[in-house]
Amino acid sequence: MMLALEMFRSLPRTVVGRAVGTRMPGLLSGVAAPLRLATLEAPVVRHPGWARLRTRLSGICGSDLSMLSGSTSLYFSALVSLPFVPGHEVVAELVEDCEDLPAGTRVVVDPVLACAARGVEPCEGCAAGATNRCSRITVGDVSPGLQTGFCHDTGGGWGQQLSAHRSQLHPVPESLTDAQALLAEPLACAVHTALRAGVAAGDRVLVSGAGAVGLFVTLALRELTPAGEILVVAKHAHQRELVMALGASEVVAPHEVLRRVRRATGAFQLHPELSSAYLLGGVDVALDAVGSKASLETSLQATRAGGRVVLSGMPRPADLSAAWFRELEVVGSYASARVEPGGRSAFETALELAGHDALASVADGVAAYPLHRWREALDHAHSTGRLGTVKVAFDPRRTQ
């Protein structure tokens, strides 16, 4: 048996969560959260290539908070199997041998439950190494679930144990601490996003948002692409300092974006009736690292005709007029792939970036909570921007 946080189906709590949104985060970590601390049987998947893991750290992601608030699109309801233990950013150690990895090996988990993990023949995406595009995430050896942390059978990192397939496991170099390794999964997503953006030499790039996604995407853009100027939108002073250290050329507040882009590119700014301003002209590539309506529309409105807008945050409904009128390429970026452009796994690159000097303060500042303090942890995660924290996590080993 193990202690875990379990997400369960509750229509009343989901309705309350959707109604209060992020305006009352105390409710979203209290009576409105469809989450409970429970004693459960440790998940065991009895198929070849699977093994049990003991969680060391598991992050709280923006998608987890959206799930708990009921603001996630109903599109995803067919891709999960309730009840489940959340937690897809996972650092763990093997409880037992897993093929070539001996018990005790410290690993990070690629959460995507693709064909190899499900014991089915590779789909077109998996055969090409694009495991994040797997078409079999509802069938096979385990119950439906787009990722570990959204699947009933596998468990997730918000529990003391979980199960994972060898194809998901990446050994952690001894040089990395657990807190540094915890950054590997969001860094892998950032690597995928930066490469997916198709940045050409000297391109002007806008990153809308300086939370964890925006910070890591900025680092990946600077380290892995030939981007020229990288302009980042940030709300808080501590975000500005950190994102500059990670490779930004300049940081601006949300209300300054169009004016700054217009000045740099010579674009024209227009002011439609009863709507927000936009540019004719702008940056070559914009990456929405938030997913809010405002952030996505800022990205669309600041991009030149024929430019590219990358959705690296789970998007909310927004006005797509600019995408049609300016013939923008709107590109999705989900999770990460086993084979990225250049032939490497995103996780391989991410584990190298996790040791980057500029990320030392992020790793040192990881706020880890025991499972029984889950309400406090979620409150903290809802307020990371204001409080100056980049990553909040659970440490299921802790009792205090």
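Just so it is clear, the model here is predicted, and its values are computed rather than measured.

Draft legend 1. Broad picture of the side chain of Q301. Its place among the elements puts Q301 in helix α11 (residues 293–301). Residue Q301 is classed as buried on the basis of its relative accessible area of 14%. Sequence-distant contacts of Q301, that is, excluding residues within four places in its chain, are made with L258, S276, A277, Y278 and L279.

Draft legend 2. Seen up close, helix α15 (residues 374–382). Within the sequence span of α15, burial applies to W374, A377, L378, H380 and A381. Relative to the axis of α15, the buried residues are bounded by an arc of 160 degrees and lie together on one face. Buried residues along α15 sit against β1 (2–7), β2 (35–40), α3 (62–69), β16 (367–369), α16 (384–387) and β17 (392–394).

Draft legend 3. Just the packing of aromatic side chains, in detail. Taken as a whole, this structure holds three aromatic pairs when the rule is applied. An angle of 75 degrees between the planes, with centres 5.2 Å apart, marks the rings of Y75 and F76 as edge-to-face. Residue class for Y75 comes out exposed when judged on its relative accessible area of 63%. Summarising the aromatic geometry, the rings of W158 and F394 are spaced 5.0 Å apart at their centres and angled 65 degrees between planes, so their arrangement reads as edge-to-face. One end of the pair, W158, is in the loop between α5 (124–127) and β6 (161–165); the other, F394, is in strand β17, and 236 residues separate them in sequence. Across the pair, exposure class does not vary: W158 and F394 are buried alike. Against the face of F8 rests R36, its NZ or CZ located 4.2 Å from the ring centre.

Draft legend 4. Spatial organisation of the layout of surface pockets. The volume enclosed by the second largest pocket comes to roughly 240 Å³. As for the second largest pocket, its lining consists of 15 residues, and the residues nearest its centre are Y278, Q301, D319, S321 and A322. Of all elements in the fold, only β12 (278–280), α11 and α12 (321–325) reach the threshold of two or more residues within the lining of the second largest pocket. In terms of residues, the lining of the second largest pocket owes the most to one element, α12, which gives four residues. Broken down by class, the residue content of the lining of the second largest pocket amounts to seven nonpolar, five polar and three charged.

Draft legend 5. Expanded view of the UniProt feature "domain: Alcohol dehydrogenase-like C-terminal" (unreviewed entry) in the protein chain. Following the UniProt record, the feature "domain: Alcohol dehydrogenase-like C-terminal" (unreviewed entry) maps to residues 212–353 here. Within the segment residues 212–353, helix and strand shares are 37% and 23% respectively, and the terminal C-alpha atoms sit 14 Å apart.

Draft legend 6. The arrangement of unusual backbone geometry in detail. At the junction of L82 and P83, the peptide bond is cis and its omega measures out at -10 degrees in the coordinates. The residue P83 is located in the loop between α3 and β4 (90–94) in this model. Notably, E99 is not glycine yet its phi reads approximately 50 degrees, a positive angle. The backbone of L274 shows a phi angle near 55 degrees, a positive value even though the residue is not glycine. The residue L274 is located in the loop between β11 (268–270) and β12 in this model. The class of L274 is exposed, set by a relative accessible area of 91%.

Draft legend 7. Layout of the pairing of strand β14 (residues 303–311). Relative to β14, strand β13 (residues 283–288) is paired through five bridges, and the arrangement is parallel. The residue of β14 that forms the bridge with V285 is R308. Handedness of the crossover joining β13 and β14 through α11 is recorded here as right-handed. As paired strands, β14 and strand β15 (residues 329–332) are joined by four bridges and run parallel to one another. Within the sheet, the bridge partner assigned to L311 lies in β15 and is G332.

The rules we used
- Residues numbered from 1 in each chain as written.
- Predicted model: local features only at pLDDT ≥ 70, side-chain atom pairs only at ≥ 80, totals over all residues.
- Heavy atoms only, no water.
- Helix = DSSP H or I, 4+ residues; strand = E, 2+ residues; numbered from the N terminus.
- Buried < 20%, exposed > 50% of the residue type's maximum accessible area, 1.4 Å probe, protein only.
- Contact = heavy atoms within 4.5 Å.
- Arc of directions from axis to C-beta.
- Phe/Tyr/Trp six-rings, centres within 6.5 Å; stacked < 30°, edge-to-face > 60°.
- Lys NZ or Arg CZ within 6 Å of the ring centre and 35° of its normal.
- 1 Å grid on protein atoms, 1.4 Å probe; cavity = no way out; pocket = protein on both sides within 12 Å on 5 of 7 lines; lining within 4 Å.
- Points joined across faces, edges and corners; volume = space filled by probe spheres on them.
- Nonpolar A, V, L, I, M, F, W, Y, C, P; charged D, E, K, R; others polar.
- UniProt positions renumbered as here; feature names shortened; annotations may be inferred.
- Pairing = 2+ DSSP bridges.
- Right-handed = clockwise from strand over helix to strand, strands pointing away.

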